[in-house]
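# Analysis of the macromolecular model
Here is what each chain is made of, one letter per residue.
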Amino acid sequence: MFKVGLGYDVHRLTEGRELIMGGVKIPYEKGLLGHSDADVLIHAIMDALAGAAKLGDIGKLFPDTEPQYKGISSILLLKAVKSELDKRGYGIVNIDSVIVAQQPKMRPYIDEMEKNIAQALDMDVEMLNVKATTEEELGFTGRGEGIAAKAVCLIEKVQ
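Overview of the structure. As the structure is a prediction and not an experimental result, all values here were calculated from the model. (Residues numbered from 1 in each chain as written. Predicted model: local features only at pLDDT ≥ 70, side-chain atom pairs only at ≥ 80, totals over all residues. Heavy atoms only, no water.)

### Focus: the packing of aromatic side chains
Following the criterion strictly, the structure yields 1 aromatic pair and no others. With a centroid separation of 5.4 Å and 80 degrees between ring planes, the pair formed by Phe62 and Tyr69 is classed as edge-to-face. Of the two residues, Phe62 and Tyr69, both sit in the buried class. For the cation-ring pair, Lys157 lies above Tyr90, with the distance from its terminal atom to the ring centre recorded as 4.6 Å. (Phe/Tyr/Trp six-rings, centres within 6.5 Å; stacked < 30°, edge-to-face > 60°. Buried < 20%, exposed > 50% of the residue type's maximum accessible area, 1.4 Å probe, protein only. Lys NZ or Arg CZ within 6 Å of the ring centre and 35° of its normal.)

Put into structure tokens, the structure is as follows:
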């Protein structure tokens, strides 16, 4: 049995925070505001995987009211989602994702993002795609107020 999941996340850009995307620290004058490291790419991927496996969403799995998640690396949370998939007998077939940001340019960091995510999910990097786009200066991402990410995944019952 195959199942599809869709994920979406957005965080506001703010001063005084590091910009972490796909587990990569990206040099930029602003970072994303959030309870964890606010890695919107990984959050979208986690939501896609959680949705496909009917685990709810990342707000249910890792509530922002819980102090243990304050400042936590989203890579660690992604590994926890993978563990839940494994317990339920699901394997990841593939993931496709997109980062929506006017600035900074993401292309120089995408290979490292893919490597980090594939390693956290114990999957072949060839089954994972990360891309980036701008919104041509339209909307909150185009004005540089925040960054969004979307992801879709296919999982398969293997046990």
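### Some remarks on the environment of Val24
As for its placement among the helices and strands, Val24 is situated in strand S3 (residues 24-26). Remark: the alpha-carbon pair of Val24 and Asn116, spanning 92 residues in sequence, is separated by 8.0 Å. Excluding residues that lie within four positions of it along the chain, Val24 makes contacts with Leu19, Tyr109, Glu112, Met113 and Asn116. (Helix = DSSP H or I, 4+ residues; strand = E, 2+ residues; numbered from the N terminus. Contact = heavy atoms within 4.5 Å.)

### A short note on the nonpolar core
Inside soluble globular proteins, nonpolar side chains tend to come together where they are buried. Met21, Leu49, Met113 and Ile147 are the most contacted members of the largest nonpolar core, which totals 48 residues. Residue assignment for this core shows that the elements contributing at least two residues are strand S2 (19-21), S3, helix H1 (40-52), helix H3 (74-87), strand S5 (90-100), helix H4 (110-121), strand S6 (128-133) and strand S7 (146-157). Examining the composition of this core, we find that 10 residues originate from one element, H1, more than from any other. If sequence neighbours within four positions are ignored, Leu49 has contacts with Leu78, Val81, Leu85, Ile92, Ile95, Leu121, Cys153 and Ile155. (Core = buried A, V, L, I, M, F, W, Y, C linked by side-chain atoms within 4.5 Å.)

### Things to note about the packing of H1 against H3
Contact pair H1 / H3: the axes reach a minimum separation of 10 Å and the direction vectors enclose 10 degrees. Considered as vectors, H1 and H3 are oriented roughly parallel to each other. Between H1 and H3, the residues in contact are Ile42, His43, Ile45, Met46 and Leu49 and Ser74, Ile75, Leu77, Leu78, Val81 and Leu85, respectively. Of the residues belonging to the contact of H1 with H3, the class tally is 9 nonpolar, 2 polar and no charged. (Axes fitted to C-alpha atoms, helices over the stretch in contact; angles between N-to-C directions. Parallel < 35°, antiparallel > 145°, perpendicular 65-115°, else oblique. Nonpolar A, V, L, I, M, F, W, Y, C, P; charged D, E, K, R; others polar.)

### Remarks on the pairing of S5
Across the 11 residues of S5, 8 count as buried, placing the element largely inside the fold. Taken together, the 10 bridges between S5 and S7 define a ladder with antiparallel strand orientation. Paired with Val100 across the bridge in S7 is Ala148. Each parallel crossover has a hand, and the one from S5 via H4 to S6 is right-handed. (Pairing = 2+ DSSP bridges. Right-handed = clockwise from strand over helix to strand, strands pointing away.)

### Quick look at the sheet that holds S7
In spatial order, the strands read S4-S1-S7-S5-S6; together these 5 strands make up an open sheet with mixed pairing. In the strand order of this sheet, the two ends are held by strand S4 (31-32) and S6, each with one partner. Sheet topology places strand S1 (residues 2-14) next to S4; 2 bridges connect them, and they run antiparallel. Residue Leu13 lies in a different strand from S4, and its bridge partner there is Leu32. Set on the sheet, H4 makes contact with S5 and S6; between it and S6 the angle comes to about 145 degrees.

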